[in-house]
Each structure stands twice: as structure tokens, then as C-alpha cells.
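Residue strings, one per chain:
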Amino acid sequence: MKPMKAAAVSLNPAAGQPLENAEVMCRYLDRAAADGCQLVVFPEAALTGYGVENAASLAIHRTDPAIFRLCRHALKRRLICAFGFIEKDDAGRLYLSCAMVDGTEAVIYRKCHLGFRERTVFTPGSTIPVFRGQGAVLGASICMEAHIPELHTVLRKQGAEIVLMPYASGMSGDVCRRHWMRILPARASDNGVFVIACNLVRPSRQKAVSAMNSLPGSHAGGTPSLVGGGIMILDPKGEIIAGEFRPGESYLTASLSGILPRDLPDGDMHAISYFDRRRPDLY
């Protein structure tokens, strides 16, 4: 893998305003390009806003002008742009999707493992693609899929070097940090991949408003409290390269070294590629 600089954004999108959100995201692409990045990662449903009960009103087709806007700008800035959106296909089925685009190539991953509420509205995806660009191989898992080890094994089998984990979770601050620290380092070190996680910022559900009113920037009885936010970037040993966990929008960059465990000589326990030591014939 070639050395790469990546940016991750925790975004608070306007629900149901994909073109407006695309313009905001393009400004982040400008910022990332100025910072020397080759990859920018946005959260789950960043382009459309996240919702379950109102998912149909938020959903867009993959040919939506907002997606083309991001594709064109990614090409202009010579970036890979990864972003989530609620997708509606030609048959009217709804998906939680993550697009990986650079203006010349586009890969869309549809979330295969859905949450309890999501299962009542969305259709699960049935393919696990990877994206190749900027000298790297990228894969994606979305939100709760970080808990599914086999999904990441499949991505690694296809050559993934960086796994993107866009979230739309209500976890905030230290709760988000503690949760991610139980899961994400394992996905990184088991497979010898970089992991980039970023969480959507969104209004809290009603039952969480009173608990979240104490957070910085919230206003009891006025503007709805915000939940979510958080960025974590890990190396192939599961060590944090960069992290930000305040409950709000944030932008973070990190340099990803091109050295992966799979590229190092066998025989050094400090550089072991655990994925390559598996015995799938036994299991």
C-alpha cells in the first residue's frame, strides 16, 4: 500500500437536503485537499441524514444530482470520497449505503447486517465489494457491522488495506470512545488493516434529550440536543493514530503508513500477520 493521508469528518447534515449537504461536504473536500489528503471519509447517511421511520422521505437514487456533485468534486480535488446515504433502488427498496468514489470509479456497499429497528424498513445488502484507488484497497462496514468479524475477514480476503466504518450512532463523547475501544482495535489487528471510523451528529431521540442537555452546546427547552460525533483512526496493530470524541462536528487527519503486517517478512512475532496464520480448513 502506498503511503496515504486521510481525513475523517463527523458531520451534522440537514435531513432531506442532499444537495445542501453535498455543498458542505465539498468544502470539506477542499480542506482535505489543501491538507494533502488522498481520502476523505464521511459518516453513515451523511448525504441524506439518518432516519428509520422517515427513511423513505430521506432516500435518494444512486443517480441523484447530489451524488454526481460529490463525484465531480472528488475528481477535481483528486480525492477518494466515501460517504453514506439512504438509497432507494428502482424497485423502491431502501438501503443504508456507503459510496466510495473518486470521480472515475464508484463502488456502493449496502449494509448487510441491520439493527432491530432498521430491519423493519431497510433491505439488507448481499454483496461485499472493495474499492481500488490511490494505490490502496478500501472496504466498508457500516455502524453495528463493526461487531461482525466475518465481514472484515471477507474484506481482507479481497485485499482490503483500509476498512472504513461510517456510523450513525447516538453514542457520544466518552461513551463512544469506550465502545469503539472494545471493538475497533480487534478488527484492525486481526486483519492487519487500517480502520477509519466516524460518527454522524444528529438530533437526539426524545427519550435522550434530558440526559444530553448537559452536553456542551445543548440548550434545554430550545434547540434539540445533539448526539453522536466522534472519529477514530487506527493502525494495523489496533493502536490509535488519531481520535476526537466530543459530541459535535469535527475534522481530523492522519497519515497512514504503507507498511502492513502482510508486507513484512514472516517469522517476527512483533510483525505477525494473524490473518495469514488462520486455519480455515479447521473452521
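Here is what the cut-offs are and how they apply
- Residues numbered from 1 in each chain as written.
- Predicted model: local features only at pLDDT ≥ 70, side-chain atom pairs only at ≥ 80, totals over all residues.
- Heavy atoms only, no water.
- Helix = DSSP H or I, 4+ residues; strand = E, 2+ residues; numbered from the N terminus.
- Buried < 20%, exposed > 50% of the residue type's maximum accessible area, 1.4 Å probe, protein only.
- Contact = heavy atoms within 4.5 Å.
- Areas by Shrake-Rupley, 256 points an atom, 1.4 Å probe, with all protein chains shown as cover.
- Core = buried A, V, L, I, M, F, W, Y, C linked by side-chain atoms within 4.5 Å.
- Salt bridge = Lys/Arg side-chain N within 4 Å of Asp/Glu carboxyl O.
- Expected span 1.5 Å × (residues − 1).
- Polar contact = N/O pair within 3.5 Å; in protein donor to acceptor, adjacent residues only side chain to side chain.
- Pairing = 2+ DSSP bridges.
- Axes fitted to C-alpha atoms, helices over the stretch in contact; angles between N-to-C directions.

> Mind showing me how you'd approach the overall build of the protein chain here?
Helix and strand counts for the protein chain stand at 6 helices and 14 strands. Principal-axis analysis of the C-alpha atoms places the extent of the protein chain at approximately 60 × 40 × 40 Å. Counting the 283 residues in the protein chain, one finds 54% classified as buried. A separation threshold of at least 6 residues defines the contact pool for the protein chain, and within that pool the share at least 24 residues apart is 68%. Summing over all exposed atoms, the protein chain offers an accessible surface of approximately 12500 Å²; the carbon and sulfur share of this is 52%.

> Help me understand the side chain of Ser273 in this model?
Structurally, the position occupied by Ser273 is in the segment after strand 14 (250–256). In this structure Ser273 comes out as buried when scored by relative accessible area, which is 14%. Non-local contacts of Ser273, meaning those with residues more than four positions away in its chain, are made with Arg156, Pro261 and Arg262.

> Would you explain the nonpolar core in this entry?
Soluble globular proteins tend to bury their nonpolar side chains together. Counting 52 residues, the largest nonpolar core has Ile162, Leu164, Leu184 and Ile196 as the members making the most contacts within it. One finds Tyr50, Cys71, Leu96 and Phe122 within the second-largest nonpolar core, a separate group that totals 40 residues.

> Which parts of the structure should I look at to understand the pattern of salt bridges?
Working definition: two side chains of opposite charge can pair if their charged atoms are close together. A complete count under the given rule lists 13 salt bridges for this structure. The salt bridge involving Glu44 is made with Lys111; its shortest N-O contact spans 3.4 Å. Taken as a pair, Glu44 in the loop between strand 2 (39–41) and helix 2 (55–58) and Lys111 in the loop between strand 5 (106–110) and strand 6 (131–133) lie far apart in primary sequence, 67 residues in all. The exposure class of Lys111 is buried, given its relative accessible area of 1%. A salt bridge links Asp89 to Arg93, with the shortest nitrogen-to-oxygen separation between them at 2.8 Å. Beyond isolated ion pairs, a larger network of salt bridges with shared partners links Glu44, Lys111 and Glu118.

> Whenever I open this one, helix 3 (residues 65–77) confuses me. Can you help?
An ideal rise of 1.5 Å per residue puts 18 Å on 13 residues; helix 3 measures up with 18 Å between its terminal C-alpha atoms. Among all positions of helix 3, only Ala66, Ile67, Leu70, Cys71, His73 and Ala74 are buried. Two or three places before Ala66, at the start of helix 3, stands the capping residue Asp64, its side-chain oxygen 2.9 Å from that residue's backbone nitrogen. Backbone geometry just downstream of helix 3 places Arg78 in the positive-phi region, at approximately 55°.

> Would you mind going over the sheet that holds strand 4 (residues 94–101) with me for this structure?
Within a sheet, neighbouring strands are paired by backbone hydrogen bonds and run either parallel or antiparallel to one another. If you trace the 6 strands from one edge of the open sheet to the other, you get 5-4-3-2-1-14, paired in mixed fashion. Of all the strands in the sheet, just strand 5 and strand 14 have a single pairing partner and so form its edges. For this sheet the average axis-to-axis angle between neighbouring strands, irrespective of direction, equals 25°. Where strand 2 meets strand 3 (residues 80–88), 3 bridges bridge the pair, whose relative direction is parallel. Residue pairing across strands places Val40 opposite Cys81, the latter belonging to strand 3. Across the sheet, helix 1 (residues 18–34) touches strand 1 (4–10), strand 2, strand 3 and strand 14, and the angle it forms with strand 14 is around 40°. Contacting strand 3 and strand 4, helix 3 runs over the sheet at an angle of about 170° to strand 3.

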